[in-house]
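Residues per chain, in single letters:
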Amino acid sequence: MISIEKVSKKFTSRGQEVKALDEVSLTINDGDIFGIIGFSGAGKSTLLRMINALEKPESGSVTVNNVEVSSLSYRALRPVRHEIGMIFQQFNLLNTRTVYENIALPCIMAHQNRQEVKRKVSDLLSYVGLADKAQSYPDQLSGGQKQRVGIARALATSPSILLCDEATSALDPDTSSSILQLLRKINRELEITIVFVTHDINVIKKICNKVAVMESGRVIEQGDVVEVFSNPQHALTRKFVATVIPEDIPENLQKTLKAETAPCSLIKIRLADRQTTRPLIWEINKRFDVCSNVLFASVTEIGGIVLSVMIIRYSGDPEVIKKVKDFFTKNSIDWQELTL
Amino acid sequence: MIDLGVPPQLLLVAAEQTVYMVAVSLLIGSVLGLVMAITLVLTNKDGILPNRLVFVSLNSVVNIIRSIPFIILMVFIMPLTKALIGTRIGTTAALVPLVVFIAPYLARLFENSFLEVDRGIIEAAQAMGASYVQIIWHFLLPEAKGSLILSVTIGTIGLIGATAMAGAVGGGGVGDLALTYGYERMNFPLMFVTVVVLIIFVQLIQSLGNYLAFRSRNH
């Protein structure tokens, strides 16, 4: 378990003090794939570096597996860091060493037996799908392959936590997906907790089960990915979520709707999980004398849970439309009325 | 065959003296330079062991020595030479000022080579739990190797230039030969031959350096 408590850190840039982290508290449980999202400069990478003590807090504490890493000396940190692997946006591989040597290095530095290192590295190479690249040099590999080497190197000391710093941001979408799949496999099969810092909401959507949203050194929203996605509270979170789950009526359609004068209500409903399989529109049409017209609908799967958003136009008697709204409320369906 | 006006043995002895002075001072100077460069890189404010006092002191020492012209440095440190070697003159005595001259020069060049190493690689090393010695040995040195070789090459060529002035303390060498027998006796053919010999030396060293640096960077 990783617990970050009231951590603050200031940086001075061009004579001005900037709060990189401002009393940030987070708890990351074993087995989580925890996403930290925010724009650049939000402090998310600094927060990630607190976990393996590459950065030390000015106040507050960081505890990893019951060890307070924020107060340890460099020497005392070394065994703790073997427990925490890290991968980077720019891979940070040694260009003068082969793939094999890059992956073996953490083991050699930990004074492991040569035979054992050899076996371990070849196991890791086949696990990440690079069994035939042992003798290649990093500059002979593609970006995705380099990141796989980075992952194998991070796993070489058999860590229980893997930190990912924008690990897919330098990769094309296809490669990025395959790296994310590999990380999910690592999380499930090797039971490694993953902390993933990113500015890409797609990463959160694809693999994370928990998310924290950061802005100017603060965590502004956190929780289960499904909860945060289905009901974002903060404007920035809404902005991020909107890029993967669009919730707008197309512009041309808006123009047409504005021109119409007949009484009607635009209602946005959000359905999650089991609610999505309920024949809701059919029920309403059967029960009430209204005309339903679906203007927009999207269905997304996040963390294994289906989330659907619909914008429906109800036209007819305002009294009846009010009853429809009451029906939503009674059935605890998340709804809101929209104005054009 | 052109008449050089000096016995051919004299040329050979001079070449030997140059090679001796360059080789020994390069070896000692490289080791000292490496130690200084590593200290500078580690203790610099963005380094992994920031220490303002150590950095500023060492940095100033390097700057001060680097600002003294070699011919003056040579005379200036004569008491040190006497204390270390037992004499102020001769080829071996010239080694002391040569080392004092080349070590800070190489330190500066090596420092730049180390600073070229991607900061991310050092961060990866720290994240892996590497000790300071391991970071230097497994990360800094191998990644800077190509650039370090080129730095040594530049340093060697600088040293050959400096040995020409070693004549001032009776150091001998090819440059001294050109000055005393060539320039002062207006022996033009001798000057010409020594210059050609020096050009060949420098060309060979530069080509060798380039080749080794290329090999360490490409597989």
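Source: prediction; values computed, not measured.

The next point concerns the interface of chain B and chain A. Taken together, the contacts link 20 residues of chain B with 23 residues of chain A. Across the chain B to chain A interface the summed buried area is about 2,100 Å²; carbon plus sulfur atoms make up 58%. At the surface where chain B touches chain A, the tally comes to 1 salt bridge. Taking the shortest distance from any N to any O, the salt bridge between A:Arg49 and B:Glu123 comes out at 2.6 Å.

Right, let's get into the domain arrangement of chain A. Residues and elements named next belong to chain A. Domain assignment breaks chain A into domain 1 (2–244) and domain 2 (251–338). Taken over C-alpha atoms, the centre of domain 1 sits 40 Å from the centre of domain 2. The partner domain 2 presents 8 residues to the 6 residues of domain 1 that form the contact. The largest contributions to the domain 1 side of the interface with domain 2 come from Lys205, Val226 and Ser230, which together make up 66% of the buried area. The tally of links between domain 1 and domain 2 comes to 0 salt bridges. If you tally residues by element for the side of domain 1 that touches domain 2, the top one is helix H8 (residues 225–230), at 4 residues. The residue makeup of the side of domain 1 that touches domain 2, split by class, is 4 nonpolar, 1 polar and 1 charged.

All right, on to unusual backbone geometry then. All names here are of chain A. Positioned with a positive phi, Ser158 is a non-glycine residue whose angle comes to about 50 degrees. Along the polypeptide, Ser158 turns up in the loop between helix H5 (143–155) and strand E7 (161–165). Not every positive phi belongs to a glycine, and Glu166 is a case in point at roughly 50 degrees. By secondary structure assignment, the location of Glu166 is in the loop between E7 and helix H6 (173–189).

Before going further, it helps to spend a moment on the pairing of strand E10 (residues 218–224) of chain A. All names here are of chain A. Relative to E10, strand E9 (residues 210–215) runs antiparallel, the two sharing 6 bridges. Bridge pairing links Val213 to Glu221 in E10. Counting the residues in the hairpin turn of E9 and E10 gives 2 residues, including Ser216, whose phi is positive at 40 degrees.

Criteria and thresholds
- Numbering of residues starts from 1 in every chain and runs along the sequence as written.
- Following the order in which they are written, the chains are lettered starting with A and the ligands numbered starting with 1.
- Only residues with pLDDT of at least 70 are given local features in this predicted model, and only at 80 or more are side-chain atom pairs given and counted; all residues enter the totals for whole chains, interfaces and linings.
- Hydrogen atoms and water are omitted, and side-chain values are computed over all heavy atoms in the structure.
- Contacts are assigned to residue pairs that have any heavy atoms within 4.5 Å of one another.
- Summed over both partners, the accessible area (1.4 Å probe) lost when two parts come together is defined as the buried area.
- Here, a salt bridge means any Lys or Arg side-chain nitrogen found within 4 Å of an Asp or Glu carboxyl oxygen.
- Note: domain ranges come from an automatic or database domain assignment.
- In this description a helix means any DSSP run of H or I spanning at least four residues, a strand means any run of E spanning at least two, and both kinds are numbered starting from the N terminus.
- Throughout, the ten residues Ala, Val, Leu, Ile, Met, Phe, Trp, Tyr, Cys and Pro are labelled nonpolar, Asp, Glu, Lys and Arg are labelled charged, and all others, Gly among them, are labelled polar.
- Note: two strands are recorded as paired if DSSP finds a minimum of 2 bridges between them.

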